[in-house]
Amino acid sequence: MLDQEIKRGSTEMLILALVEDRPRHGYEIAKLIEERSDGVLQFHVASLYPLLYRLEKRELIQGRWVEKAGQRRRRFYKLTAAGKKVLTEQRQTWADFFAALDRVAKINPA
Amino acid sequence: MTPDWKQIVRKQLAALQLPPERELEIVEELALHLEAVYEEELAAGVSEPEARVRATRLVVDGGMLECELSRVEQPLVARLLPKREQTGREGRRRISMESLWQDIRYSVRLLLKQPAFACFAILTLALGIGANTAIFSVINAVLLRPLPYAEPEQLVALSRINKSQPGEALPISYLNFFDLRERSRSFAQMAAYHECSLTLTGGQTPAQLAGQVVTAELFDLLGARPHLGRAFTRADEKIGGHNASRAAVISHGLWQTRFGADPQIIGRVITLERKTFEIVGVMKPGFQFPIQATPVDVWVTPALDAESLGDKRPVTERRGYSLLEGVARLSPGVSLAQAQAEMELLATGLEKEYPDNNTNLGLTLAPYHRNLVGDARLALWVLFAVVMCVLLIACANVANLMLARATIRYREMAVRAALGAGRWRILRQLLTESVLLALLGGILGVLLASWGSEVLAGLIPDEVPRVGEIALDRSVLVFSLIVSLLTGIVFGLAPAWRAANVDLGVAMKDGGRGTSSGNAGLRNALVVAEVAAALVLLISASLLGRTFLKLQRVETGFDVNNVLTASISLPDTQYSKPEQKIEFYRQLTERVRALPGVVSASTILPVPLGGTDVSGGFQIEGQVAAAGNELRADMRWAGLDFFRTMKIGLLAGRDFAATDDLTSAPVVMINDTLAKRYFPHEDPLGKRLILPMGIGKDETSCQIIGVVKSVRHRAELAQPVTPELYLPYAQLPLLGQLSLVVRTSNEPQSLANAIQREVSALDKEIVLQEVKTLAQYLGNAMAQPWLSALWLGLFAGVALLLSAIGLYGVLAYSVTQRTNEIGVRMALGALPQDVLRLVIKQGMTLAGIGIALGIIGALAVTHVLSSLLFDVSATDPLTFVVVVGALSLVALLACWIPARRATKVDPLLALRSE
């Protein structure tokens, strides 16, 4: 079951981390994940948006329609205070986890 | 033109029925995403159509989006559900119920999206489950449901056997039965019974009642209490026991129809066979004994038989006169084997005490239920095995479809797994789908069966007991439900298990095409199994079909067309003297001959093909039979002109003449089977046979005056012809019962009324019974083999169709999967016929393996059918060759269509899609 927790936790954390420094829209988030992981991690539309809505429902992120001059309006998601707290916790958990992995299996996460 | 992204997204969400404002938001957001992808692809130099496809594919993905959204958002169904606090165990159960509900909804939506797949799967399953339900309803009624008597498992049937020729169950005589009743210790109670037809007179018109002579303990033994009055006692078995009249118990049905449910019926005196009976009891509604197609109207005691006839002792006092069937209830703690051992001991005792009548006396016990059902048992279980086989083939087909779908949905499963859906969760989702399909198939199947079992009941011959009880009752419905659930799990498990074990890395990279290598092996195995099973069924059906055809060609030896038969029973009281019976039948035959439309008329007992035969022992004068080697023959009592009426050829000697009467020397005619068996090297004419019967004496010496062609009088047409004796009724009128046989120049049934008028003119209280044509008797005799062949043929046909579809499906799918490969081959110069050969070879290899396995299976299985076959070996090479050939042709056809399609692959298109 750890496996499942990791998967679920990791995808959540990825999104929370990406909207930490500034609000981003869905397409941007998907692109960033793909680019920054060199294509190893891919997010499917059918899973990305439902996950965003779920995080929004849990009030970890907050979505808002923003209209910029000359562009169509887009929905931007920003991290809430509760989200920040969860992100910090998750980062710590993952750090601990990787440290443990490294001690045991000698892997060195990038 | 830019695609309408909003429209594309909205279509995917339609089924969720989200609140409108929320739907607008999601549609807008996702449409923007698709548009961005589309433009990015264009910018990267991808062609417009390809860019459009790539973007669209992000949301059109087999329901993934819909499924995931339904978990976060609030679809209509969830909004309609009442909200409740979800805490503790209750909450967990609720969550689990909700996710089950979610699975079901999702499954329904998926099925609605693929109506062709859903219809095909449901229909296939309905066929399989329906056939099982229908046959099970028959098995349940005939074999499984306990008999409607108290503790029916303790009831056993008792019959006599001839130890030198065991096998055939024979009746028991009154005196032997009375002795057994006194001596045996194994039984709580014993009873015996025989059928009799009773004419009820007095009051309105005379009526012919189905009667049964039963010994005193019968009702007690069955645990049956009367509705009114009392059951029989030992005193009732004798004339003038309790009453001046004999005692009778009537059925509830007769009480209502004939006596207007008169509550004062007990004590009423009625006239049966011109003897007076007092009604002492009325049975409860629904009580039946024995269980047979025509329910018994009235039960009487051996007092009916306990009267001297002229100068003869009554049958109740003649040890050699066997007519009873026995039934007994085992004492508590006594096993069937113990009781059987006791019966053997008692039989040996009776044989020693009465060597004249009890030579070779054996007694045999069988569970009463099994005895009642008899031959139907094997036929029904064979049929059940067959429909189970059909259901398994149906399962294999649907499993194949599901596997094909699973391959397509591989990526959906991978994404679900990536999102954290556990293996069990995915397995459950897929099993929900298959069980849902199976239940829908089951519902349709039960509907088919409710119609089918009516047809089935109508087609089953009357001889199969309890056919009237066939119904889709609770146990049948429970059976169908269980079969449906199991079916869903059986065909769903393999595909679900494969899908639930997706390899994320492979699946995600595979661009949605999925991997099919593992599934292909499983699918091939399923098709091989289907072909094998279909072959076994086809061979079995063909063997039965050939049996039926051979039976149809069996020469009965006489002309059954345009012959009417009707049986007549003269009451012993009025016709006690032999001369009276002879005179009645002589006059009646003459009157009937004079009727317009009658070609010739005669009398016979027992009626040919009627299913009742009299077999008896005899001796050849001047020869001493070796001990235990009794000469036996079927015996028939014939009137003048019988052979001419039946068109049976006279081979030697002469026919009976009017001068063969009570005053002249006794004569007998034989068939050539008897002549060949017992007079192999000599002329039988003029020889004398000693028969253990006579008028006023115990045996009669008869001279053989004629030999006729052997004919098949027995209703079991598959049996070899038996030696047969014909006795002139005018010399040996032992019974008052005879059947008229009338050959007519037009439709025989049209004469029935005219003949009844002639009978009434002689005696107005006598009623014609069993007015039937010989052709009808022959039809009844053919009914069982015809039905076996028909049903098995029907189910084998379904099996063939299903397995052909299965083979077709596998190949069609494989061709789709191999489009690229085929394209490459053709681009490299392969000709259409090469491609054709490639695909057909793949299909025929599967069919070939299936056929090989099927032949092995058929060789192992068909011997079960041996007893149902006639003149065809269970391993008949011709049948095997023809069926294998036919199946191969069908398989070839099933391969041909996808193979043709493969040759149409355009190499350019195939390669471009890569």
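Residues numbered from 1 in each chain as written. Chains lettered and ligands numbered in written order. Predicted model: local features only at pLDDT ≥ 70, side-chain atom pairs only at ≥ 80, totals over all residues.

**Quick look at the overall build of chain B**
A count of helical and extended segments in chain B gives 27 helices and 22 strands. Residues counted as buried form 42% of the 914 residues belonging to chain B. Residue pairs in contact within chain B that sit at least 24 positions apart in sequence constitute 81% of those at least 6 positions apart. (Helix = DSSP H or I, 4+ residues; strand = E, 2+ residues; numbered from the N terminus. Buried ≥ 20, exposed ≤ 12 C-beta atoms within 10 Å, placed from the backbone. Contact = placed C-beta atoms within 7 Å.)

**So, the interface of chain B and chain A**
Contacts between the two partners involve 21 residues from chain B and, on the opposite side, 18 residues from chain A. Residue assignment for the side of chain B that touches chain A shows that the elements contributing at least two residues are helix H2 (20-43), helix H4 (64-72) and helix H14 (410-418) of chain B. It is H4(B) that provides the largest number of residues to the side of chain B that touches chain A, a total of 6 residues. For the side of chain B that touches chain A, a count of residues per class yields 13 nonpolar, 3 polar and 5 charged. (Nonpolar A, V, L, I, M, F, W, Y, C, P; charged D, E, K, R; others polar.)

**Thoughts on the nonpolar core**
Residue and element names in this part refer to chain B. Judged by nonpolar contacts, the single largest core of 159 residues is most densely connected at Val390, Leu535, Leu537, Phe795, Ala799 and Leu807. Top contributing element to this core by residue count: helix H13 (residues 376-408), with 20 residues. Mapped onto the domain boundaries, this core takes at least three residues apiece from domain 1 (5-99) and domain 3 (376-553 + 781-912). Not counting chain neighbours up to four residues away, the residues in contact with Leu807 comprise Val527, Val531, Gly843, Leu846, Ala847, Ala891, Ala894 and Cys895. (Core = buried A, V, L, I, M, F, W, Y, C linked by C-beta atoms within 7 Å. Domains from an automatic or database assignment.)

**Some details on the sheet that holds strand S1 (residues 24-25) of chain A**
As a general point, the strands of a sheet are linked pairwise by backbone hydrogen bonds and lie either parallel or antiparallel. The sheet built from 3 strands is open, its strands ordered S1-S3-S2 (chain A) with antiparallel pairing. Lying at the two open borders of the sheet, with one neighbouring strand each, are S1 and strand S2 (61-66) of chain A. (Pairing = 2+ DSSP bridges.)

**A closer look at unusual backbone geometry**
All names here are of chain B. Omega for the peptide link from Phe289 to Pro290 comes to -15°, which places this bond in the cis form. In this structure, Pro290 sits in the loop between strand S8 (275-283) and strand S9 (298-300). That bond from Leu605 to Pro606 is cis: its omega, -15°, falls within 30 degrees of zero. Positionally, Pro606 belongs in the loop between strand S13 (598-605) and strand S14 (614-620). A positive phi angle, close to 60°, is found at Asn562, a residue other than glycine. Within the secondary structure, Asn562 sits in the loop between helix H18 (517-553) and strand S12 (563-569). Classification of Asn562 by C-beta neighbours within 10 Å gives partly exposed; the count is 17. Although it is not a glycine, Asp871 adopts a positive phi angle of roughly 65°.

**A look at the packing of helix H1 (residues 5-13) of chain B against H2(B)**
A pair of packed helices is captured by two measures, namely the crossing angle of their axes and the spacing between those axes. Residues and elements named next belong to chain B. Closest axis-to-axis distance for the H1/H2 pair is 8 Å, and the angle between their directions is 125°. Judged by the inter-axis angle, H1 sits oblique to H2. Crossing geometry of H1 relative to H2 is assigned as right-handed. For the pair formed by H1 and H2, the contact residues are Trp5, Lys6, Ile8, Val9, Arg10 and Leu13 on the first element and Glu23, Ile26, Val27, Glu28, Leu30, Ala31, Leu34 and Glu35 on the second. Each residue belonging to the contact of H1 with H2 can be placed in one class, and the counts come to 9 nonpolar, no polar and 5 charged. (Axes fitted to C-alpha atoms, helices over the stretch in contact; angles between N-to-C directions. Parallel < 35°, antiparallel > 145°, perpendicular 65-115°, else oblique. Left-handed = near helix turned anticlockwise from the far one by under 90°.)

**A few points about the pairing of strand S20 (residues 724-728) of chain B**
Residues and elements named next belong to chain B. With 5 of 5 residues buried, S20 lies mostly within the body of the structure. With burial as the criterion, each face of S20 is covered, one bearing Glu724, Tyr726 and Pro728 and the other bearing Leu725 and Leu727. Sheet analysis places strand S17 (residues 667-671) next to S20, joined by 2 bridges and oriented antiparallel. Paired with Ile670 across the two strands is Leu725, which belongs to S20.

**Notes on the packing of helix H23 (residues 774-817) of chain B against helix H25 (residues 832-861) of chain B**
All names here are of chain B. Packing of H23 against H25 brings their axes to within 10 Å, and their N-to-C directions diverge by 145°. Our pair here, H23 against H25, has a crossing hand that is right-handed. Of the residues in H25, those touching H23 at Leu807, Leu811, Ser814 and Val815 are Val839, Gln842, Gly843, Leu846 and Ala847.

**Describing the confidence of the model for chain B**
Interpreting fine coordinate detail is not advised for predicted regions of low pLDDT. Residues and elements named next belong to chain B. The pLDDT averaged across chain B works out to 84; a share of 92% of its residues lies at or above 70. With pLDDT under 50 throughout, residues 81-87 is counted as low confidence; its partners more than four residues away or in other chains account for 4 contacts. Below pLDDT 50 for its whole length, residues 510-516 participates in 10 contacts with residues either more than four positions away or in separate chains. Taken together, the chains of this predicted complex give a pTM of 0.64 and an interface ipTM of 0.89. (pLDDT = per-residue confidence, 0-100.)

**Notes on H25(B)**
For H25(B), built from 30 residues, the straight-helix expectation of 44 Å at 1.5 Å per residue is met to within 8% by its first-to-last C-alpha distance of 42 Å. All of the buried residues along H25(B) are Val835(B), Val839(B), Ile840(B), Gly843(B), Leu846(B), Ala847(B), Gly850(B), Ile851(B), Gly854(B) and Ala858(B). (Expected span 1.5 Å × (residues − 1).)

**Focus: the environment of Ser602(B)**
All names here are of chain B. For Ser602, the location among the structural elements is in strand S13. Judged by local crowding, Ser602 falls into the buried class, with 25 C-beta atoms found within 10 Å. Separated by 16 residues in the primary sequence, Ser602 and Arg586 have C-alpha atoms spaced 9.1 Å apart. For Ser602, the residues in contact, after removing those within four places along its chain, are Thr589, Ala638, Gly639, Leu640, Asp641, Phe642, Thr645 and Val741.

**Side note on the environment of Val711(B)**
Residue and element names in this part refer to chain B. When you line up the elements, Val711 lands in the loop between strand S19 (700-708) and S20. Under the C-beta neighbour-count criterion, Val711 is labelled buried, with 21 such atoms within 10 Å. Separated by 63 residues in sequence, Val711 and Ile648 have C-alpha atoms that sit 7.7 Å apart. For Val711, the residues in contact, after removing those within four places along its chain, are Thr556, Gly557, Phe558 and Ile648.

**Considerations on helix H3 (residues 48-57) of chain B**
Residue and element names in this part refer to chain B. If you check which residues of H3 are buried, you get Ala51, Arg52 and Ala55. Seen end-on, H3 carries its buried residues on one side only, within an arc spanning 100°. Away from its buried face by more than 90 degrees, H3 exposes Pro49 and Glu50. Among the structural elements, H2 are those in contact with the buried residues of H3. (Arc of directions from axis to C-beta.)

**Let's talk about the environment of Leu218(B)**
Residues and elements named next belong to chain B. In this fold, Leu218 is placed in helix H9 (residues 218-222). With 23 C-beta atoms packed within 10 Å, Leu218 lands in the buried category. Between the C-alpha atoms of Leu218 and Ala191, which are 27 residues apart in sequence, the distance is 5.2 Å. Apart from the residues within four sequence positions on either side, Leu218 is in contact with Ala191 and Tyr193.

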